[in-house]
Amino acid sequence: MGQPVREYLLTLCVTAAVTYLLTGPVRKFAIAAGAMPEIRARDVHREPTPRLGGIAMFGGLCAGLLVASHLTNLKSVFENSDEPRALLSGAALIWLLGVLDDKWGVDALVKLGGQMIAAGVMVLQGLTILWIPIPGVGTVSLTPMQGTLLTVALVVITINAVNFVDGLDGLASGMVCIAAAAFFMYAYRMWFGYGIEAAAPATLFSVVLMGMCLGFLPHNMHPARIFMGDSGSMLIGLVMAAGAVSVTGQVDPDLLNVKAGGLREATHAMVPVYIPLLLPLTVIAVPVADLVLAIVRRTWKGQSPFAADRGHLHHRLLEIGHSHSRAVLIMYFWSALIAFGAVAYSVNNASMWIVLGIVLLSAVGLVLLLLPRFTPRTPRWAEWMVPPRYRRVSRATAPGAPAAEWDEESVTAPQEEREPVPAGINGATAIGDRSRFVEHRRADSHH
């Protein structure tokens, strides 16, 4: 079992490395192409920032699948299943639609239609839900039309859930990475724990998705140098949905009965996916909850469900006093708790320790939500492990003057009072028109 783990690790590293290395050139291309929309009322960043980060993520996806297709244990996934090809086809369509939206803007209904077409392309190539295990009834086979409709609905919901939560630096990529890690643990156990080959594509999709997010995250952490845009958020949402469809709609519950050693053991193993939509909704529970609340909120106000606003969960965390970084970390915490809690419950749902652990961590999460003004003080020996805003800094005004114990302004200062980050093509943000870069090159020519 060690050899497949090494191959998965290699695929993860290649995907992350390609995504990371491509993001820098893509950022400069986005600036040159003018893919830097003006700041909207619902945005939380202060300066126009280039988008099109999905171009680098798509490159990482292609590189990861290419490497995996040549590895000894993983190439069987490509030989025995058309699902990787179906994923690549759907990803290419949704990525192209996202690039067009990042550059010129695309109507919400047009994007919805494009998402349905991308899902339909995957269905035509075999990536679809075939049956549903229903408690008290058993396994119910779906007609081609029912399977298509259910698959398209799951793909569209997942894509828009990830797209809706992409509102803070590093939020969407980090949450999806956490969900993909939990999904990998579950699918890997299905494949190598029970020997079910139908779970192999979902395992590969999860590893590639983790690599895409990990490679992009260093460029997207606050303050973000580049945004993934719709080309990235819709892409990772589709990959996540493809893995969910593969592992929940392709794995035969009757086969699991035999592999698990009996009906009772199989029932325990299938708890998180007893209804196929349950597991994907648990690993992205926070984005889906945000999506549902946004639709209800906008419909209640008489607005279109696609109308943008500042009522998302991450906006509310900022409004009650949490900093940008802390709001992101809180969302990470809840995503990890729900996703890994569901996976742990599927491994041993009879253990009270797992339930008590989830309850205890939930209480910790609630305490964190209620302490927006709490400023953690990091010991000096651990300052190198935390961001600069959590370090003790010296603010001496004259030689021999006492140093300040803590720089409160670096943590609690309102966003509009902070000193803006220097701009430019190599800076943390990118502002201004093309003439700004022409002057920069002219200044460099004098040296």
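Predicted model, so just to flag it, every value in this text is computed and none were measured.

### Notes on the packing of aromatic side chains
Enumeration according to the criterion identifies 5 aromatic pairs in this entry. Taking the centre distance of 4.5 Å and the plane angle of 10° together, the rings of Phe58 and Trp95 count as stacked. One end of the pair, Phe58, is in helix α2 (residues 54-68); the other, Trp95, is in helix α4 (residues 83-103), with 37 residues separating them in the sequence. With relative accessibility at 13%, the residue Phe58 sits in the buried group. Where Phe333 meets Trp334, the ring centres are 5.9 Å apart and the plane angle is 85°; that geometry is what we call edge-to-face. Residue classification places Phe333 among the partly exposed positions, given a relative accessible area of 23%. Ring-pair connections join several aromatic residues into one group, and the members of that group are Tyr8, Phe184 and Tyr188.

### Structural notes on the pattern of salt bridges
Two side chains carrying opposite charge are able to pair once their charged atoms lie near each other. As enumerated under the stated definition, the model contains 3 salt bridges in all. In this structure, Asp101 engages Lys111 in a salt bridge whose closest nitrogen and oxygen atoms are separated by 3.6 Å. In this pair, Asp101 is assigned in helix α4 and Lys111 in helix α5 (residues 108-124), connecting sequence segments 10 residues apart. A single burial state applies to Asp101 and to Lys111, both of which are buried. Here Asp230 and Lys111 are joined by a salt bridge, their closest N and O atoms 2.7 Å apart.

### Focus on unusual backbone geometry
With a phi close to 65°, Leu52 is a non-glycine residue in the positive phi region. Position of Leu52 relative to the elements: it lies in the loop between α1 (2-33) and α2.

### A short note on the environment of Thr15
Its location among the elements puts Thr15 in helix α1. Given a relative accessible area of 0%, Thr15 falls into the buried group. Those residues within four positions of Thr15 in sequence are excluded, and the remaining contacts are Gly60, Leu61, Gly64, Val208, Gly211 and Met212.

### Some words on the side chain of Asn160
Note on placement: Asn160 falls in helix α6 (residues 144-165). In this structure Asn160 touches Gln115 and Leu291, once residues within four positions along its chain are discounted.

### Examining the packing of α5 against α6
Two numbers describe how α5 lies on α6: the axes approach to 9 Å, and their chain directions differ by 130°. On the basis of the axis angle, α5 is oblique to α6. Here α5 runs over α6; the crossing is right-handed. Every residue of α6 that contacts α5 at Lys111, Leu112, Gln115, Met116, Ala119, Gly120, Met122 and Val123 is listed here: Thr148, Thr151, Val152, Val155, Val156, Ile159, Asn160 and Asn163. Taken together, the residues that form the contact of α5 with α6 break down as 9 nonpolar, 6 polar and 1 charged.

### Structural notes on the nonpolar core
Counting residues in hydrophobic clusters, the biggest one holds 90 residues, and the most contacted among them are Leu61, Leu235, Ile236 and Leu238. What Leu61 contacts, discounting residues up to four positions off in sequence, is Thr15, Leu87, Leu88, Ala91, Val208, Met212 and Leu235.

### Observations concerning α2
For α2, which comprises 15 residues, the first-to-last C-alpha distance of 21 Å matches the rise-based estimate of 21 Å (1.5 Å per residue) to within 8%. Considered for burial, the residues of α2 that qualify are Gly54, Ala56, Met57, Phe58, Gly60, Leu61, Ala63, Gly64, Leu65 and Ala68.

### Looking at the packing of α4 against α5
As a packed pair, α4 and α5 sit with axes 7 Å apart at the nearest point and diverge in direction by 165°. In terms of axis orientation, α4 runs roughly antiparallel to α5. Here α4 and α5 pass one another in a crossing that is right-handed. Contact residues: Ala86, Leu87, Ser89, Gly90, Leu93, Ile94, Leu97 and Asp101 in α4; Lys111, Gly114, Gln115, Ile117, Ala118, Val121 and Met122 in α5. Split into classes, the residues belonging to the contact of α4 with α5 amount to 9 nonpolar, 4 polar and 2 charged.

### Focus: the confidence of the model for the protein
Per-residue confidence for the protein gives a mean pLDDT of 75, with 66% of residues at or over 70. Predicted confidence in the protein is weakest over helix α17 (residues 409-412), with a mean pLDDT of 38, and strongest over α2, with 96. Note that pLDDT drops below 50 for residues 272-277; the model gives that stretch 19 contacts with residues more than four away or on any other chain. Confidence over residues 394-447 falls short of pLDDT 50; this stretch has 81 contacts with residues more than four positions distant or in other chains.

What counts as what
Residues numbered from 1 in each chain as written. Predicted model: local features only at pLDDT ≥ 70, side-chain atom pairs only at ≥ 80, totals over all residues. Heavy atoms only, no water. Phe/Tyr/Trp six-rings, centres within 6.5 Å; stacked < 30°, edge-to-face > 60°. Helix = DSSP H or I, 4+ residues; strand = E, 2+ residues; numbered from the N terminus. Buried < 20%, exposed > 50% of the residue type's maximum accessible area, 1.4 Å probe, protein only. Salt bridge = Lys/Arg side-chain N within 4 Å of Asp/Glu carboxyl O. Contact = heavy atoms within 4.5 Å. Axes fitted to C-alpha atoms, helices over the stretch in contact; angles between N-to-C directions. Parallel < 35°, antiparallel > 145°, perpendicular 65-115°, else oblique. Left-handed = near helix turned anticlockwise from the far one by under 90°. Nonpolar A, V, L, I, M, F, W, Y, C, P; charged D, E, K, R; others polar. Core = buried A, V, L, I, M, F, W, Y, C linked by side-chain atoms within 4.5 Å. Expected span 1.5 Å × (residues − 1). pLDDT = per-residue confidence, 0-100.

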